Amino acid sequence: MLLETKNGDITGFNRLMYETLLLNLSNLRPPTSGEEDKVTMKMKQLLERYDKGRELLPNEPSKMTQFSLNCCLKYSTKLISFENMEYFLSKFKNDYGITPNRENYTTVIQFYVKRGVSKQAWDVFDTMKFLSSSHAPDVTTYNSVLHLCDRERDYAKAIDLYEEMTDRQLQPSIQTLNIMAKTMARASADNVMSEGKADSLRLLGWKYIHTLESSFNHTKHETHFYHTLEAMMALAAYDGDIGFARALYYKYTTSKYKEI
């Protein structure tokens, strides 16, 4: 319909037209298994149309925007597609000179973490630190890579990242402290990963819990309350304090039951 208003002249498409179309496409649900992904196909067709328009008007300055990239990445994340993510990142960077902002990069990292692709996640994280200050990782970004440390039981990397956060004057969140406590607990369970420091790691884990309890009011952060209990259960279990672990588990299950 937009094309009809311009009598088929693709050079008449302005920035808002592309943004409107891509935004609406990004809000659609990905197809179920076996169905054709018509949304990505249409997004790519729109970019091809834009490229053809630029060829017809070579002196016209590029009008492709960060907003349009956001829309493409948003849908690629919902689709959980490595191929699409890489395609749009490369397309916008190489053809339009547009790179993701901090929010985009964090979304990409979370996508890689969720899919268990750690190398790509670390590469993006390192890239963010060497771009402009507006791209520098925030607390949400750090929490995303800390999840990788927890999964890989890399307590040393987690501690380095935590200290890096404080050096950059970033205030750790409840989620940050929960992840740190769980990472210490998980690492302490492996003699090789803990390097013979299992007891010290668990003590450090309890220190993060203490910092959390003294700094935040959990009644205002109910969502994170259960994650804190999970971290404490892990520390108690690896400490060998079965009674305490059972008490925490009882607290966790009864609280969940009352909530439901």
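Residues numbered from 1 in each chain as written. Predicted model: local features only at pLDDT ≥ 70, side-chain atom pairs only at ≥ 80, totals over all residues. Heavy atoms only, no water.

Student: Can you explain the packing of helix α6 (residues 102–115) against helix α7 (residues 118–129)? Please cite residues and give values.
Tutor: Running from N to C, α6 and α7 point in directions that differ by 160°, and their axes come no closer than 8 Å. Viewed along their axes, α6 and α7 adopt a mutual orientation that is roughly antiparallel. In terms of crossing hand, the pair formed by α6 and α7 is left-handed. Residues Arg102, Tyr105, Thr106, Val108, Ile109, Tyr112 and Val113 of α6 touch α7, and the partners they reach there are Gln120, Ala121, Val124, Phe125, Thr127 and Met128. Partitioned by chemical class, the residues of the contact of α6 with α7 number 9 nonpolar, 3 polar and 1 charged. (Axes fitted to C-alpha atoms, helices over the stretch in contact; angles between N-to-C directions. Helix = DSSP H or I, 4+ residues; strand = E, 2+ residues; numbered from the N terminus. Parallel < 35°, antiparallel > 145°, perpendicular 65-115°, else oblique. Left-handed = near helix turned anticlockwise from the far one by under 90°. Contact = heavy atoms within 4.5 Å. Nonpolar A, V, L, I, M, F, W, Y, C, P; charged D, E, K, R; others polar.)

Student: Could you give an account of helix α5 (residues 82–96), naming the residues involved and the relevant values?
Tutor: Given 3.6 residues per turn, any residue in an α-helix points the same way as the ones three and four places further on. Its 15 residues give α5 an end-to-end C-alpha distance of 21 Å, which sits within 8% of 21 Å, the value for a rise of 1.5 Å per residue. Within the span of α5, buried status applies to Asn84, Met85, Phe88, Leu89, Lys91, Phe92 and Tyr96. The buried residues of α5 occupy an angular sector of 160° when projected down its axis, which confines them to one face. Turned more than 90 degrees from where α5 packs its buried face, Glu83, Lys93 and Asn94 sit exposed. Where the residues of α5 are buried, they touch α3 (38–56), α4 (66–79) and α6. Positive backbone phi, approximately 70°, marks Gly97, located one or two places after α5. (Expected span 1.5 Å × (residues − 1). Buried < 20%, exposed > 50% of the residue type's maximum accessible area, 1.4 Å probe, protein only. Arc of directions from axis to C-beta.)

Student: Help me get a handle on the pattern of salt bridges, residues and values and all.
Tutor: Scanning the model with the defined rule gives 11 salt bridges in all. Linking Glu19 and Arg15 is a salt bridge whose minimum nitrogen-to-oxygen distance equals 3.2 Å. With Glu19 and Arg15 both in helix α2 (residues 15–26), this residue pair falls 4 residues apart, about one helical turn. Owing to a relative accessible area of 11%, Glu19 belongs among the buried residues under this scheme. Glu164 is the salt-bridge partner of Lys129, the closest N and O atoms lying 3.4 Å from each other. In this pair, Lys129 sits in helix α7 while Glu164 sits in helix α9 (residues 155–167), placing the two residues 35 residues apart along the sequence. Glu164 gets classed as partly exposed once you look at its relative accessible area, which sits at 21%. (Salt bridge = Lys/Arg side-chain N within 4 Å of Asp/Glu carboxyl O.)

Student: Go over the packing of aromatic side chains, please, and point to the residues and values.
Tutor: Per the stated rule, a full pass over the model turns up 12 aromatic pairs. For the pair Trp206 and Phe244, a centre-to-centre distance of 5.9 Å together with 25° between the ring planes defines the contact as stacked. Of this pair, Trp206 sits in helix α12 (residues 198–215) while Phe244 sits in helix α14 (residues 242–259), placing them 38 residues apart in sequence. Take Trp206: its relative accessible area is 22%, and that puts it in the partly exposed class. By relative accessible area, Phe244 is classed as partly exposed at 32%. Ring pairing ties together the aromatic residues Phe13, Tyr18, Tyr50, Phe92 and Tyr96, which thus form one cluster. Seen from the ring of Tyr87, Lys44 lies directly overhead, with NZ or CZ sitting 4.4 Å from the centre. (Phe/Tyr/Trp six-rings, centres within 6.5 Å; stacked < 30°, edge-to-face > 60°. Lys NZ or Arg CZ within 6 Å of the ring centre and 35° of its normal.)

Student: How would you summarise the confidence of the model for the chain if you had to cite specific residues and measurements?
Tutor: Residue-level pLDDT values for the chain average 86, and 97% of them are 70 or greater. Mean pLDDT across the elements of the chain bottoms out in helix α11 (residues 191–194) (80) and peaks in α9 (95). (pLDDT = per-residue confidence, 0-100.)

Student: Which residues make up the packing of α4 against α6, and what values go with them?
Tutor: Close contact between α4 and α6 brings their axes to 11 Å; oriented N to C, the two are set at 15°. Classed by the angle they form, the pair α4 and α6 counts as roughly parallel. As α4 packs across α6, the resulting crossing turns out to be left-handed. On α6, the residues that touch Gln66, Asn70, Leu73, Ser76 and Thr77 of α4 are Asn104, Thr107 and Phe111. Here the residues of the contact of α4 with α6 sort into 2 nonpolar, 6 polar and no charged.

Student: Please provide a residue-by-residue account of the side chain of Ser76, values included.
Tutor: Note that Ser76 resides in helix α4. With sequence-adjacent residues up to four places away left out, Ser76 is seen in contact with Ser81, Asn84, Met85, Phe88 and Phe111.

Student: Please set out α6 residue by residue, giving values where relevant.
Tutor: Counted at 1.5 Å a residue, the expected span for α6 with its 14 residues is 20 Å, and the 20 Å between its end C-alpha atoms agrees. Buried residues of α6: Asn104, Tyr105, Thr106, Val108, Ile109, Phe111, Tyr112 and Val113, and no others. Elements that come into contact with the buried residues of α6 comprise α4, α5, α7 and α8 (139–152). For α6, the N-terminal cap is Asn101; the gap from its side-chain oxygen to the backbone nitrogen of Glu103 is 3.3 Å. (Polar contact = N/O pair within 3.5 Å; in protein donor to acceptor, adjacent residues only side chain to side chain.)

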